[in-house]
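Residues per chain, in single letters:
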Amino acid sequence: MTDHWDQRRISRDRNSVHALRLLLAFFVMDLTWEVLRANLDAPQRTQWPWRLTILDPATCATLAALLTGILVTRNQYALSTLPLLSWAAHRGNSDYIVDSPQTVRLCNAGGGRAVVKRVEYRLQESPRPDEPNPRLSPWLDWYATIAALKGIGLRMGQDIHVLELGKGAVIPLTARPSDGIELVSFGARGLERLDHLDMRIQVVDALGDVHERMLQCRRRRPDPSRQASLATDGQRELPAEAQVTSVVQQGVSTENDHR
């Protein structure tokens with residue numbers, strides 16, 4: 001699945017929006033029906049199905065205009081109260097790890113509330129001699145993430161701290177990410193042992209719409225020496241036995257050509 005690093009709305013409050021849209025569609029259809037009936041002769045309007053009527057044209061037009069205005073107003077209100085999840089990573093200023101080389105904080109810089117619905121993490125250990133290409137884990141909840149971090153030898157509160165941001169927590173409203181909540185803080189060993197640590201958070205706004213944002217809490221920069229080593233490994237010469245076999249095959253091919 002493709003990663004979306006920008007904030008996006010993944011669902012709406014279907015109950016209210018769908019009900020309004022269904023009512024609007026009904027009144028528009030009824031208004032169209034009444035307009036068609038009005039253009040018929042009087043004797044035809046007394047015959048079935050043209051004698052069927054529910055609301056008069058004026059009432060249908062008023063209700064359709066009212067529902068259209070409500071939907072437009074809702075969209076405008078959704079934009080004005082849209083939560084904007086902003087984050088920043090900086091050195092130090094951690095409440096949990098002394099002299100943290102990297103601290104990640106999250107805030108809501110939008111115009112409306114943001115209530116946490118779900119938080120997930122995924123991580124990848126740094127390459128080791130016995131495992132040069134570790135895999136990126138699937139998305140995990142907080143408990144599985146802590147277990148995975150302990151499994152690679154990291155100590156909570158010393159090497160790394162991951163905030164347990166549960167369902168129902170409120171992201172504080174502030175324009176400065178440095179004033180937001182501390183999500184993750186790393187010690188020197190935590191940065192060394194982790195190659196990736198991503199976070200995916202879903203929040204609910206004032207209208208019930210769900211928004212999602214993915215954060216790159218830890219991304220190791222590519223190591224030029226390691227990339228050069230991999231490129232060199234791909235261009236290594238064949239072993240001596242393989243070179244001898246290649247020379248023999250070329251000699252046989254040349255002899256066949258002479259024949």
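Since we're looking at a predicted model, the values are computed, not measured.

A few words on the overall build of the protein chain. Scanning the protein chain from terminus to terminus reveals 7 helices and 8 strands. Sorting the 259 residues of the protein chain into buried and exposed places 34% on the buried side. Relative to all contacts within the protein chain whose residues are 6 or more apart in sequence, the contacts with residues 24 or more apart total 67%. Roughly 16,000 Å² of accessible area belongs to the protein chain as shown, and the carbon and sulfur atoms make up 55% of that amount.

With that out of the way, let us pick up the sheet that holds strand E1 (residues 8–11). The sheet built from 4 strands is open, its strands ordered E1-E8-E7-E4 with antiparallel pairing. Each end of this open sheet is capped by a strand with a single partner; those strands are E1 and strand E4 (115–125). For this sheet, the mean inter-axis angle between neighbouring strands, taken without regard to orientation, is 25°. Judged from the 10 bridges that link them, E4 and strand E7 (residues 194–204) form a sheet pairing that is antiparallel. Considered in E7, the bridge of Gln124 is made with His196. The strands touched by helix H4 (residues 142–151) are E4 and E7; relative to E4, the strand with the most contacts, the crossing angle is about 20°.

Reading the values: rules and limits
- Residues numbered from 1 in each chain as written.
- Predicted model: local features only at pLDDT ≥ 70, side-chain atom pairs only at ≥ 80, totals over all residues.
- Heavy atoms only, no water.
- Helix = DSSP H or I, 4+ residues; strand = E, 2+ residues; numbered from the N terminus.
- Buried < 20%, exposed > 50% of the residue type's maximum accessible area, 1.4 Å probe, protein only.
- Contact = heavy atoms within 4.5 Å.
- Areas by Shrake-Rupley, 256 points an atom, 1.4 Å probe, with all protein chains shown as cover.
- Pairing = 2+ DSSP bridges.
- Axes fitted to C-alpha atoms, helices over the stretch in contact; angles between N-to-C directions.

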